[in-house]
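# What the coordinates show
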Amino acid sequence: MAFDNAYEALADAHDDARWAFGTGFEDPLSGVDTTVPAGVDGDDLAQYCLMLGDDALVLSHRLQQWCTRAPELEDEVAIANIGLDMLGQARLLLARAGKADGTERGEDHYAYFRGEHEFRNVRLAEREQADFAQLIATVLVLTTWRLAVFQRLRESADPVLAAIAQKGVNELTYHRDYAAQWVVRLGDGTETSHARTVAALDDVWPLVAELFETHDVERRLHGVAVDPAEVRDEFDDVLAQVLSAATLEPPQVRAKAGVAGGKGRDGRHTEAMGYLLAELQSVARAHPEATW
Amino acid sequence: MVTARTDEITGAGVSTGATVPTGTSVTARQVAETVTDPELPMLTLADLGVLREVTETADGVTVSITPTYSGCPAMDTMRDDLVHALHEAGFGEVEVRTVLHPPWSTDWITERGRRRLAEAGIAPPGAAPRRGSGPVPVQLFPPQRRVSCPHCGAADTEPVSEFGPTACKALRRCPACSEPFEHVKEI
């Protein structure tokens, strides 16, 4: 401990009633220049930050649900770590959204007080994972996609997004390698692990095509956002390497349709999303004035 | 408890894990450099390489720090500890800023920091991977790294998990002495 008495570490001079550490600094972008670059639409930039931030927040929540359920302690720790990194990326991106749209809303507002239709994550992130193979397949697909996007996002005309992406690339490399190595072990493992991994990929795959569909917001943010259609080849190449080493084939299944033309990026989600948000948001909504 | 500045005067009423130098000539940087990492208390923030800049003005002090990992929960504690230590040392307004770019790398851990990690039984990181602008190659099998055992010094140890008790550490085991240990993984 840095202090003999934990209470001594309280540095928030403005509110003596607070007792938990860290309460004085809830802005993860504190001190970062968050000016919206010239020529960039702030609302579009905020929407784009919510897309990437909600992917991370919702996947992080799904990963957290694996705490105490992983097959081995080491995997328990790994899944929690990946969830923590995703939560960190989400915090930066949601905070960036509140600066970009000029509302100055904090990360908690976006995480806890938006309705389901306001979340912009792809539907794969919210999907429930029925077994470990589905978890690993989901993490492989989403981190492979996200790593390819973040590599390009390092060149974004928004310096804040570029900096978040540059940090994220280093983290995502570890996440993707973890999932890839598990897919190889499971696919090239026993008859049962192979069959369950085949089934998991079949379950996940209908939601993969959605990742590469260019949204109007991404189209308008040329030079700021990454066009996800551009990363399809790189994604296919990585998946081909992993699946080949795992003695698996890319699934041949149809993409899941949207609802009235809308998908996750439009705020149209699957049934699982409502239950996920109920769990994620219930405490904050029951105690809206609480600080922690 | 490890002291960061064995050559300095003791005292100052703050137990930051390192000794805060006293006297009128003490600079804000000297104080900030004594604050330790909450999860790796054998390292000061300067040893860890997260302390980017300390600027004194007529109005107060501005300290810039950088997160190790995006989700590192120790950031808030580091900020609190910096403000607390600087207030205790008599500095008025203290602002702690976050710097995201360039991203933190384990290459920024100082030589002294690496020695302290090893003394505490934590294997220090090797050189961080150098990445170009092209796609990052996928690792289909656990990477082969030469990490020597911080307990018995054996040259070759085996990976247990690339993820450990904190975001910045991996788990390894030594076949020679059978002891498990943590390794600050390269990033």
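Residues numbered from 1 in each chain as written. Chains lettered and ligands numbered in written order. Predicted model: local features only at pLDDT ≥ 70, side-chain atom pairs only at ≥ 80, totals over all residues.

The next subject is the overall build of chain B. The number of helices and strands found in chain B is 4 helices and 7 strands. Ordered by position from N to C terminus, the α and β elements of chain B give α-α-β-β-α-β-α-β-β-β-β. Expressed as a percentage of contacts within chain B between residues at least 6 apart in sequence, the contacts between residues at least 24 apart total 51%. (Helix = DSSP H or I, 4+ residues; strand = E, 2+ residues; numbered from the N terminus. Contact = placed C-beta atoms within 7 Å.)

All right, on to the overall build of chain A then. Along the backbone of chain A there are 10 helices and 0 strands. For chain A, the sequential pattern of α-helices and β-strands runs α-α-α-α-α-α-α-α-α-α. Referenced to the eigenvectors of the C-alpha coordinate spread, the extents of chain A come out at roughly 60 × 50 × 35 Å. The burial tally for chain A puts 50% of its 292 residues in the buried class. Sequence separation of at least 24 residues holds for 74% of the intrachain contacts in chain A that already meet a minimum separation of 6. (Buried ≥ 20, exposed ≤ 12 C-beta atoms within 10 Å, placed from the backbone.)

So, on to the nonpolar core. Counting 134 residues, the largest nonpolar core has A:Ile136, A:Val183, A:Val242 and B:Leu86 as the members making the most contacts within it. Split by domain, this core shows at least three residues from each of two domains, domain 1 (1–120) and domain 2 (143–187) of chain B. Look past the residues within four positions of B:Leu86 in its chain and what remains in contact with it is B:Ala28, B:Val31, B:Ala32, B:Val61, B:Phe91 and B:Val94. (Core = buried A, V, L, I, M, F, W, Y, C linked by C-beta atoms within 7 Å. Domains from an automatic or database assignment.)

Strand pairing in a sheet takes place through backbone hydrogen bonds and is either antiparallel or parallel in direction. All names here are of chain B. Here 3 strands make up an open sheet; going across it, the order is β1-β2-β3 and the pairing mixed. Edge positions in the sheet fall to β1 (51–56) and β3 (93–98), since each has one partner strand and no second. Strand-to-strand twist in this sheet, taken as the mean axis angle between neighbours without regard to direction, amounts to 15°. Pairing geometry for strand β2 (residues 60–65) and β3, over 6 bridges, is parallel. Across the sheet, Gly 60 pairs through a bridge with Glu 93, a residue of β3. (Pairing = 2+ DSSP bridges. Axes fitted to C-alpha atoms, helices over the stretch in contact; angles between N-to-C directions.)

Another point: the domain arrangement of chain B. Residue and element names in this part refer to chain B. Split into domains, chain B comes out as domain 1 (1–120) and domain 2 (143–187). If you look at the interface, domain 1 gives 9 residues, while domain 2 gives 7 residues. Class assignment for the residues of the side of domain 1 that touches domain 2 results in 4 nonpolar, 4 polar and 1 charged. (Nonpolar A, V, L, I, M, F, W, Y, C, P; charged D, E, K, R; others polar.)

Residues and elements named next belong to chain A. One can find Arg 254 in the loop between α9 (232–245) and α10 (271–286). Residue classification places Arg 254 among the exposed positions, given that 8 C-beta atoms sit within 10 Å. Between the alpha carbons of Arg 254 and Thr 190 there is a distance of 28 Å; along the sequence they are 64 residues apart.

Here we take up the interface of chain B and chain A. If you look at the interface, chain B gives 39 residues, while chain A gives 47 residues. Among the elements of the structure, α3 (74–88), β3 and β5 (158–161) of chain B are those that each provide at least two residues to the side of chain B that touches chain A. Ranked by the residues each element gives to the side of chain B that touches chain A, the list is headed by α3(B), at 7 residues. Within the side of chain B that touches chain A, the residues separate by chemical class into 20 nonpolar, 13 polar and 6 charged.

Residues and elements named next belong to chain B. Spatially, the 4 strands line up as an open sheet ordered β4-β7-β6-β5, and their pairing is mixed. Of all the strands in the sheet, just β4 (122–123) and β5 have a single pairing partner and so form its edges. As judged from the 5 bridges shared by strand β6 (residues 169–173) and strand β7 (residues 180–184), these two strands associate in the antiparallel manner. Across the sheet, Lys 169 pairs through a bridge with Val 184, a residue of β7.

Take unusual backbone geometry next. With an omega dihedral of -5°, the bond running from B:His101 to B:Pro102 counts as a cis peptide bond. Position of B:Pro102 relative to the elements: it lies in the loop between β3 and α4 (111–119). One non-glycine residue, A:Glu104, lies in the positive phi region at around 60°. Locating A:Glu104 in the fold gives a position in the loop between α2 (73–100) and α3 (107–112). Judged by the 10 C-beta atoms lying within 10 Å of it, A:Glu104 is exposed. In this structure, A:Thr247 takes a positive phi of about 55° despite not being glycine. Using a count of 12 C-beta atoms within 10 Å as the deciding quantity, one classes A:Thr247 as exposed.

We now examine the pairing of β6(B). All names here are of chain B. Most of β6 sits inside the fold, with 4 of its 5 residues counted as buried. Sheet analysis places β5 next to β6, joined by 3 bridges and oriented antiparallel. Looking across to β6, one finds that Glu 158 is bridged to Arg 173. Counting the residues between successive antiparallel strands, the hairpin from β6 to β7 contains 6 residues, one of them, Ser 178, with a positive phi of roughly 65°.

Once that is clear, we can look at the pairing of β7(B). Residue and element names in this part refer to chain B. The buried count for β7 comes to 4 of 5 residues, which makes it a mostly enclosed element. Bridge analysis of β4 against β7 gives 2 bridges, and the strand direction is parallel. Bridging across to β7, Ile 122 finds its partner in Glu 182.

This brings us to helix α6 (residues 159–187) of chain A. Compared with the 42 Å implied by 1.5 Å per residue over 29 residues, the 41 Å span of α6(A) between its first and last C-alpha is a close match. The largest bend along α6(A) measures about 30° and falls at A:Val169. (Expected span 1.5 Å × (residues − 1). Bend = angle between axes of the 7 residues up to and from the residue.)

A word on the packing of helix α5 (residues 132–153) of chain A against α6(A). All names here are of chain A. It is at 7 Å that the axes of α5 and α6 come closest, and there the two elements cross at 150°. The handedness of the crossing between α5 and α6 comes out as left-handed. A class-by-class count of the residues in the contact of α5 with α6 yields 17 nonpolar, 6 polar and 2 charged. (Left-handed = near helix turned anticlockwise from the far one by under 90°.)

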